[in-house]
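Structure assessment
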Amino acid sequence: MTNETATTEPARPDMKEKPTVILGGGPAGLTAGYLLSKRGLPVIVLEAEDQVGGIAKTAVRDGYRFDLGGHRFFTKVQEVDDLWHEIMKEEFLRRPRMSRIYWNKKFLDYPLRGPDVIKKLGPVELTRCLLSYFWAQIKPKGKEETFEQWVSNRFGKRLFNLFFKSYTEKLWGVSTSEIRAEWAAQRIKGLSFFSAAKSAFLGNKDNKIKSLISEFNYPRYGPGQMWETMTEDIRALGGQVLLEHKVTQLDFEGERCVGVHVGDTVFEPSAVISSLPLRNMVGMASPHPRPEVVAAAKGVRYRDFLTVAVVLNGDDIFPDNWIYIHEPGVNVGRIQNFRSWSPWMVPDPTKACVGLEYFCFQGDELWEMDDDKLVQLGMRELEELGLARREQLEFGFVERVPKAYPIYDAEYAERVSTIRSWLDGLDNFIQVGRNGLHRYNNSDHSMLTAMRAVDNLVKGAEHDIWAVNAESVYHEEEKQDEQQPYIEAPETEAMKEPLHH
């Protein structure tokens with residue numbers, strides 16, 4: 001590993017004297033730290049937890065490795081793909097993609113395949129679905145104010161109930177009658193009934209549809225290996241990655257951040273790259289930004305989830321990377337099979353290792369449930385689904401993932417714009433990453449925001465960080481709020497908490 005670019009003079013000379021302080025050791029923060037360290041610039045990455053990776057980390061128990069949320073390494077951004085391979089080298093495996101829909105104790109292939117759908121639905125259910133679909137085509141559309149109405153009008157009530165209702169309600173925590181029709185139009189426009197049918201019978205040529213790729217890259221020991229290796233590289237290049245260093249206060253003087261507090265320690269940065277959630281970051285600022293910025297931060301919402309990870313005696317319960325659970329009788333929304341991500345995730349070939357994902361709001365009944373009860377709930381639901389028996393349980397544990405999904409509610413665009421109006425006036429402070437921008441980015445685009453931030457600081461570039469992956473919030477025609485699902489967004493327990501505590 002060489003400091004090929006260490007001789008380049010940075011646009012900000014003080015970056016050679018004082019460290020760039022990076023807040024958060026997730027994909028965005030570590031990418032920034034790595035790129036700056038390669039240039040021979042002093043870097044300090046501050047991570048509150050005892051492990052790097054953020055929501056893309058890999059949890060480890062007794063040699064078993066658990067991916068939180070399922071992180072496929074597939075991107076159309078070449079510079080991100082190059083960086084992944086630069087970090088992982090031969091540890092980057094090429095893995096087959098397989099994920100199906102689990103419905104009525106049957107596995108439906110996804111992407112949909114015509115013969116498979118016909119076979120699994122059976123003649124009676126298929127006839128009902130077709131009749132329901134054709135009736136939806138000829139009957140008057142009526143009002144289309146809700147997700148339920150919009151989908152039923154296009155796919156028929158029967159298909160809506162079978163394949164749209166249950167999973168959508170689990171994901172967003174409200175009835176489909178409380179989700180906006182416009183949101184359905186945006187989310188489902190890329191996979192219409194006819195494009196799905198065409199894909200089902202003719203295939204997905206050249207992997208053109210990103211969600212339907214057939215292969216992806218994956219680190220041998222899970223996504224956490226990427227971030228752990230990047231951390232080792234930063235340290236080898238002379239940078240610091242400090243774990244269990246929770247930022248408590250950010251000191252601002254005029255347009256500059258001049259101090260980053262961790263307990264009694266104060267770091268004096270040349271610049272700050274922050275991947276902290278917008279809500280928390282605003283709460284840490286001293287002095288506080290103007291009142292409307294603080295109010296906007298208080299209104300920022302998130303959807304959370306938790307994983308119940310279990311090790312089972314016996315063979316894998318299915319061969320997929322994960323399956324989507326379209327069964328209304330259980331709470332679980334998605335189940336991962338970790339061996340299918342990489343055989344090295346599971347050290348014992350006589351054991352199966354799976355993660356049951358439950359979407360929830362921080363502070364609600366599921367989130368607050370005792371870990372042992374959650375493990376028992378997971379085993380009970382695996383049994384109800386016919387996938388495993390309770391007596392197969394070897395051990396289990398729970399990983400909670402707060403702020404997993406930034407929510408785009410009706411006021412989202414205005415709130416973020418208000419916060420940004422303050423951030424844009426700062427000289428040496430840049431927000432990056434998924435929660436840093438309150439943007440539903442995957443790891444590749446989170447890393448790209450960090451790359452652009454480094455270019456801005458070191459090369460004096462003027463990239464608009466907020467424009468990276470702007471299509472993820474449907475900015476076209478100034479309709480940012482169409483990504484938000486709720487007719488009236490739920491008030492959550494987490495919103496009642498102080499901005500920073």
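A few points on the structure. (Residues numbered from 1 in each chain as written. Predicted model: local features only at pLDDT ≥ 70, side-chain atom pairs only at ≥ 80, totals over all residues. Heavy atoms only, no water.)

1. Overview of helix 14 (residues 371-384)
Let me state the cut-off plainly: To qualify as a helix, a DSSP run of H or I must reach at least 4 residues; to qualify as a strand, a run of E must reach at least 2; elements of each kind are numbered from the N terminus. Under the convention used throughout, the expected extent of a helix is 1.5 Å for every residue step, that is, one less than its residue count. We call a residue buried when its accessible area falls under 20% of the maximum for its residue type, exposed when it is over 50%, and partly exposed in between, using a 1.4 Å probe and counting protein chains only. A contact between two residues is defined here by any heavy atoms of the two lying within 4.5 Å. Polar contact is defined as a pair of N or O atoms within 3.5 Å, subject to the rule that within protein one atom must be able to donate a hydrogen and the other to accept it, and that residues adjacent in sequence are counted only when both atoms are side-chain atoms.
Look at helix 14: 20 Å from first C-alpha to last across 14 residues, which is about the 20 Å you get at 1.5 Å a residue. All of the buried residues along helix 14 are Leu374, Val375, Leu377, Gly378, Met379, Glu381 and Leu382. In this structure, the buried side of helix 14 is in contact with strand 15 (302-313), strand 17 (334-337), strand 18 (351-360), helix 13 (365-368) and strand 19 (393-406). Between a side-chain oxygen at the N-terminus of helix 14 and the backbone nitrogen of aspartate 372 the separation is 3.0 Å; the capping residue is aspartate 370. Of the residues flanking the end of helix 14, it is glycine 386, one or two places downstream, whose phi is positive at about 75°.

2. Remarks on the sheet that holds strand 6 (residues 99-103)
Where we set the bar: Each pair of strands is called paired provided DSSP finds at least two bridges between the two strands. For helices, the axis comes from a line fit to the C-alpha atoms of the stretch in contact; other axes are also lines fit to C-alpha atoms, and the angle between any two N-to-C directions lies between 0 and 180 degrees.
If you walk across this open sheet you meet the seven strands as 7-6-16-17-18-15-19, and the pairing is mixed. Looking at strand neighbours, the two that pair on one side only are strand 7 (106-110) and strand 19, the edges of this open sheet. Strand after strand, the sheet turns through a mean of 25° between neighbouring axes, direction not considered. Relative to strand 7, strand 6 runs antiparallel, the two sharing five bridges. When the bridges of strand 7 are listed, tyrosine 102 appears paired with phenylalanine 107. The sheet contacts of helix 6 (residues 165-172) involve strand 15, strand 16 (322-325), strand 17 and strand 18, and relative to strand 16 the element is tilted by about 100°.

3. A few points about the packing of helix 3 (residues 114-138) against helix 4 (residues 147-155)
Heads up, the rule is: Here is the rule for angles: anything less than 35 degrees is roughly parallel, anything more than 145 is roughly antiparallel, 65 through 115 is roughly perpendicular, and the remaining ranges are oblique.
At a minimum axis separation of 6 Å, helix 3 and helix 4 run at an interaxial angle of 105°. Between helix 3 and helix 4, the crossing angle belongs to the class labelled roughly perpendicular. Here Tyr133, Ala136 and Gln137 of helix 3 come into contact with helix 4, specifically with Ser152, Asn153, Arg154 and Phe155.

4. Describing the sheet that holds strand 2 (residues 43-46)
What the five strands build is an open sheet, ordered 9-2-1-13-20; its pairing is parallel. Taken across any chain shown, the strands that pair with only one partner, and hence form the sheet edges, are strand 9 (240-242) and strand 20 (429-431). Shown here is a sheet whose adjacent strand axes are inclined to one another by a mean of 15°, direction ignored. In this structure, strand 1 (residues 20-23) lies alongside strand 13 (residues 271-274), joined through four bridges in parallel fashion. Opposite threonine 20, over in strand 13, you have alanine 271 as the bridge partner.

5. Description of the packing of aromatic side chains
Our working rule: Ring pairs are drawn from Phe, Tyr and Trp, using the six-membered ring of Trp, whenever the two centres fall within 6.5 Å, and their geometry is named by plane angle: stacked under 30 degrees, edge-to-face over 60, tilted for the rest.
Evaluated as defined, the whole model comprises 26 aromatic pairs. Between the aromatic rings of phenylalanine 73 and tyrosine 218, the centroid separation amounts to 6.5 Å while the plane-to-plane angle is 70°, which identifies the pairing as edge-to-face. One end of the pair, phenylalanine 73, is in the loop between strand 4 (64-67) and helix 2 (78-88); the other, tyrosine 218, is in strand 8 (residues 215-219), and 145 residues separate them in sequence. Seen from their ring centres, phenylalanine 252 and tryptophan 422 are 5.6 Å apart, and the 65° between their planes marks the pair as edge-to-face. Here phenylalanine 252 is found in strand 10 (residues 249-253), whereas its partner tryptophan 422 is found in helix 15 (residues 412-423), with 170 residues between them in sequence.

6. Here's the deal with the nonpolar core
To be explicit about the condition: To form a nonpolar core, buried Ala, Val, Leu, Ile, Met, Phe, Trp, Tyr and Cys residues must be joined to one another through side-chain atoms within 4.5 Å.
Membership of the largest hydrophobic core comes to 121 residues, with the highest contact counts inside it found for Leu23, Leu46, Val260 and Phe429. Ranked by residues supplied to this core, first place goes to helix 16 (residues 443-459) with eight residues. When sequence neighbours within four positions are dropped, the list of residues in contact with leucine 46 reads Val21, Ile22, Leu23, Gly24, Gly25, Leu242, His245, Val247, Val260, Val262 and Phe267. With 29 residues, the next largest nonpolar core counts Tyr102, Val308, Leu366 and Leu387 among its residues.

7. As for helix 9 (residues 223-236)
Taking 1.5 Å per residue as the helical rise, helix 9 with its 14 residues ought to reach 20 Å, and the 20 Å between its terminal C-alpha atoms agrees with that figure. Counting buried residues in helix 9 gives ten out of 14 residues, a clear majority hidden from the surface. Among the residues making up helix 9, those that are buried are Pro223, Gly224, Gln225, Met226, Trp227, Thr229, Met230, Thr231, Asp233 and Ile234. Remark: glycine 238 follows helix 9 within two positions and exhibits a positive phi of approximately 100°.

8. Concerning unusual backbone geometry
Here the amide bond leading from serine 286 into proline 287 is cis, since omega sits at 0°, within 30 degrees of zero. Mapped onto the fold, proline 287 is located in the loop between strand 14 (285-286) and helix 11 (291-298). One non-glycine residue, lysine 403, lies in the positive phi region at around 55°. Turning to its location among the elements, lysine 403 is positioned in strand 19.

9. Here's the deal with the pattern of salt bridges
The line we're drawing: The term salt bridge refers to a pairing of a side-chain nitrogen on Lys or Arg with a carboxyl oxygen on Asp or Glu at a separation within 4 Å.
With the rule as written, the count across this model stands at 29 salt bridges. With a shortest N-O distance of 2.6 Å, glutamate 125 and arginine 158 are connected by a salt bridge. On the criterion of sequence distance, the pair formed by glutamate 125 in helix 3 and arginine 158 in helix 5 (residues 157-163) is long-range, its members being 33 residues apart. A salt bridge links glutamate 292 to arginine 290; the shortest N-O distance between them is 2.8 Å. Via salt bridges that share partners, Arg12, Asp14, Arg256 and Asp427 belong to a single interconnected network.

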